[in-house]
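Residue strings, one per chain:
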Amino acid sequence: MKSTQIEYSAMSRGYYKSIVVQNKSVSVVKERNAEAVKSNIDDAKWNKIVDAYSKVNLESLNTLKAPTDKRTYDGAAIGNLKITKDGKTYETAGFDNGFPPKEIEKLVNLLVDFSKE
C-alpha cells in the first residue's frame, strides 16, 4: 500500500467532496477551492481500509455497474473511485454518491466516513 493512492470524489453543481488516502494519512476537501484538511489514520481504521482494498479487483474497476441512476437527473452527486498503484491509474465510471457498486461499497464507505468527522 506504500505506492498506492486511493481517491474518492463526489460532485454536482452545488456539491463537492474529495477524499485522498495514502500512507496512513487522509486529506479531505469538502468544497471547491477549499484547503484540504489532513490527518493521520489510526491503525485500526487503516487495517480496515487495507482489508477492503485487498478485495478490489483493479483491472475490472472501470467495468463496474452503478446500482442506481439518480445522478442522471441531478438526484445525486456523481461519485468516482480512483486508485493509483505503482504509477498506473484505475478508475470507476461515475456512480451515485452514497450508492457505490457493491464490489467497492465497503472501501468507499470507509473513505466517506472521513468526511463526516
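Residues numbered from 1 in each chain as written. Predicted model: local features only at pLDDT ≥ 70, side-chain atom pairs only at ≥ 80, totals over all residues. Heavy atoms only, no water.

The chain has the name Lipoprotein in an unreviewed UniProt entry, where Flavobacterium ginsenosidimutans is given as its organism.

**Student:** Would you mind showing me how to read the nonpolar core here?
**Tutor:** Side chains of nonpolar character tend, in soluble globular proteins, to be buried together. Judged by nonpolar contacts, the single largest core of 28 residues is most densely connected at Tyr8, Leu81, Ile83 and Leu107. Broken down by secondary-structure element, the contributors of at least two residues to this core are β1 (4-12), β2 (15-22), β3 (25-29), α1 (43-54), β5 (78-85) and α2 (105-116). When residues in this core are grouped by element, the largest group, six residues, is from α2. In contact with leucine 81, other than residues within four places in its own chain, are Ile6, Glu7, Tyr8, Leu61, Tyr90, Glu91, Thr92, Phe95, Ile104, Leu107, Val108 and Leu111. (Core = buried A, V, L, I, M, F, W, Y, C linked by side-chain atoms within 4.5 Å. Buried < 20%, exposed > 50% of the residue type's maximum accessible area, 1.4 Å probe, protein only. Helix = DSSP H or I, 4+ residues; strand = E, 2+ residues; numbered from the N terminus. Contact = heavy atoms within 4.5 Å.)

**Student:** What's the story with α1 in this structure? I'm lost.
**Tutor:** Helical geometry note: an α-helix holds 3.6 residues per turn, so side chains three or four residues apart project in the same direction. Taking 1.5 Å per residue as the helical rise, α1 with its 12 residues ought to reach 16 Å, and the 16 Å between its terminal C-alpha atoms agrees with that figure. Of the residues making up α1, those classed as buried are Lys45, Trp46, Ile49, Ala52 and Tyr53. Seen end-on, α1 carries its buried residues on one side only, within an arc spanning 125 degrees. When the buried face of α1 is taken as reference, the exposed residues oriented beyond 90 degrees from it are Ala44 and Ser54. Those residues of α1 that are buried are in contact with β1, β2, β5 and α2. Where α1 starts, the residue carrying a side-chain oxygen 3.1 Å from the main-chain nitrogen of alanine 44 turns out to be aspartate 42. (Expected span 1.5 Å × (residues − 1). Arc of directions from axis to C-beta. Polar contact = N/O pair within 3.5 Å; in protein donor to acceptor, adjacent residues only side chain to side chain.)

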